[in-house]
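Observations on the model geometry
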Amino acid sequence: MRLRRSPTPNLAPNLASTRASNPADSAAPAAPGAPPAGTILDAYVREAPTAQLAIDLFRGEWASLLPAEIDAHAGSIPLFIDPRVDWIVGQAGGVDGRQVLELGPLEAGHTYMLERAGAFVTAVEANTRAYMKCLIVKELVQLQRSRFLLGDYLPYMEATDRRFDLTMASGVLYHAPDPLRLLRAIARVSDRVGIWTHYYDPAITGPESAHARVFVEPPYTAGVAGVEVSLHPRHYLEALQLQGFCGGSAPSAAWMELEGIVDVLRGLGFTEVEIGETDLAHAHGPCVLLYAQR
Ligand SMILES: C[S@@+](CC[C@H](N)C(=O)[O-])C[C@H]1O[C@@H](n2cnc3c(N)ncnc32)[C@H](O)[C@@H]1O
């Protein structure tokens, strides 16, 4: 019997054309014994394994200061020892043994804190680079009870049959193009939510302010659960050019006002809304820490 073979993909012409189009190759011949540049061999590491090698896969893109147990330098923001997480966990009465849904884990700093506090974490991240960074951290700090899902948390929450003891929504509401849809989805999957977010305050982010250049369109009214609020379109502009960009997947978001956030949470059935620390002078606009439960 004769077997019919399907054609085998041949990478050689692609590699050859890559080499030919690389001016560095024609300018300087490779050192004797060095692997040829512009091939898959570029993807190999030839040093003994270190945490830094893994971190440097995304060199210059890290935001977080890593915990001391990881012997590597990444960013400078202390997201692995974040008092906002401690406050939310405290408001929720602890998370030991509880199922926590984390929205937008970025580099898994809060995931690390939640797991160390005893939680089982499901973290949903849409940015592929952030997702890979989470997996690197997961390996380096050996997270055991945390799962990272690559995808958009909105359709996930709108469709899942799972319920969570707490949703951690830190740093995501002000990145949402449709924040009311986000709050409604959160209310669908859990009775407790911790939020840290920037918000629009006419006195601080209005047309006369330093923030005006990103709020170029007029506000509009939208509603959910019988509550109508003002939303303020905010554009990312040049921030979209950064590899370490950590916003949403659309070129703009819609910022809520603080009163609107509280009203919508109440409208969605969160009978207890606790406002923690606010910072009106934050460089990126006023921000607030909130906890709500029903
Ligand atoms: C500002 S960072 C917040 C990181 C962390 N939660 C914190 O509070 O420090 C926002 C994160 O949410 C992710 N993100 C934004 N929109 C998302 C969406 N629709 N689905 C999943 N992840 C999203 C971003 O990629 C980013 O990692």
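Here's a quick rundown of the structure. (Residues numbered from 1 in each chain as written. Predicted model: local features only at pLDDT ≥ 70, side-chain atom pairs only at ≥ 80, totals over all residues. Heavy atoms only, no water.)

Further remarks concern the overall build of the protein. Tallying secondary structure elements over the protein gives 10 helices and 10 strands in all. Counting over 294 residues, the protein shows a buried share of 44%. In the protein, the proportion of contacts linking residues at least 24 apart, taken out of those at least 6 apart, comes to 63%. Carbon and sulfur atoms form 54% of the exposed surface of the protein, whose accessible area is close to 15900 Å². (Helix = DSSP H or I, 4+ residues; strand = E, 2+ residues; numbered from the N terminus. Buried < 20%, exposed > 50% of the residue type's maximum accessible area, 1.4 Å probe, protein only. Contact = heavy atoms within 4.5 Å. Areas by Shrake-Rupley, 256 points an atom, 1.4 Å probe, with all protein chains shown as cover.)

Turning to the pattern of salt bridges, a few remarks are in order. Scanning all chains against the criterion turns up eight salt bridges. A salt bridge links R213 to E238; the shortest N-O distance between them is 2.5 Å. Of this pair, R213 sits in the loop between α9 (202-205) and β6 (220-224) while E238 sits in the loop between β7 (227-235) and β8 (252-256), placing them 25 residues apart in sequence. E238 sits in the partly exposed class, given a relative accessible area of 45%. The network of salt bridges with common partners includes R163, D191 and R294. (Salt bridge = Lys/Arg side-chain N within 4 Å of Asp/Glu carboxyl O.)

Turning our attention to the nonpolar core. Grouped burial of nonpolar side chains is what soluble globular proteins tend to show. The biggest cluster of nonpolar side chains holds 40 residues, and the ones touching the most others in it are I55, W62, L66, V100, L114, F148 and L166. Secondary-structure elements contributing two or more residues to this core are α3 (51-55), α4 (83-91), α5 (109-116), β2 (120-125), α6 (128-140), β4 (166-170) and β10 (287-293). In terms of residue count, α6 provides more of this core than any other element does, four residues in total. Once residues within four sequence positions are removed from consideration, W62 is found in contact with I55, A74, G75, E107, K133, I136 and V137. Of all hydrophobic cores here, the second largest spans 39 residues; its members include F164, A169, L182 and V189. (Core = buried A, V, L, I, M, F, W, Y, C linked by side-chain atoms within 4.5 Å.)

Lining the immediate surroundings of the ligand are 21 residues, of which G104, E125, D152, Y153 and S170 lie closest. The backbone of G104 places a nitrogen or oxygen atom 2.9 Å from a nitrogen atom of the ligand. In this structure, E125 approaches the ligand through a side-chain N or O atom, which is 2.5 Å from an oxygen atom. Contact with the protein chains hides 93% of the accessible area of the ligand, taken as 600 Å² for the molecule alone. (Near = heavy atom within 4 Å. Polar contact = N/O pair within 3.5 Å; in protein donor to acceptor, adjacent residues only side chain to side chain.)

Moving on to the packing of aromatic side chains. All told, the structure shown has five aromatic pairs when counted by the stated rule. Seen from their ring centres, Y174 and W196 are 6.0 Å apart, and the 85 degrees between their planes marks the pair as edge-to-face. In this pair, Y174 is assigned in the loop between β4 and α8 (179-189) and W196 in strand β5 (residues 192-198), connecting sequence segments 22 residues apart. Like W196, Y174 is buried. Put simply, the rings of Y174, W196, Y200, F215 and W255 touch in pairs and so form one group of aromatic residues. (Phe/Tyr/Trp six-rings, centres within 6.5 Å; stacked < 30°, edge-to-face > 60°.)

Further remarks concern a nonpolar patch on the surface. On the surface, a cluster of nonpolar side chains totalling about 310 Å² of accessible area is made up of I40, L41 and Y44. Here I40 is to be found in the loop between α2 (23-27) and α3. Take I40: its relative accessible area is 57%, and that puts it in the exposed class. (Patch = residues over 30% accessible without salt bridge, like charges linked within 9 Å, V, L, I, M, F, W, Y side chains within 5 Å.)

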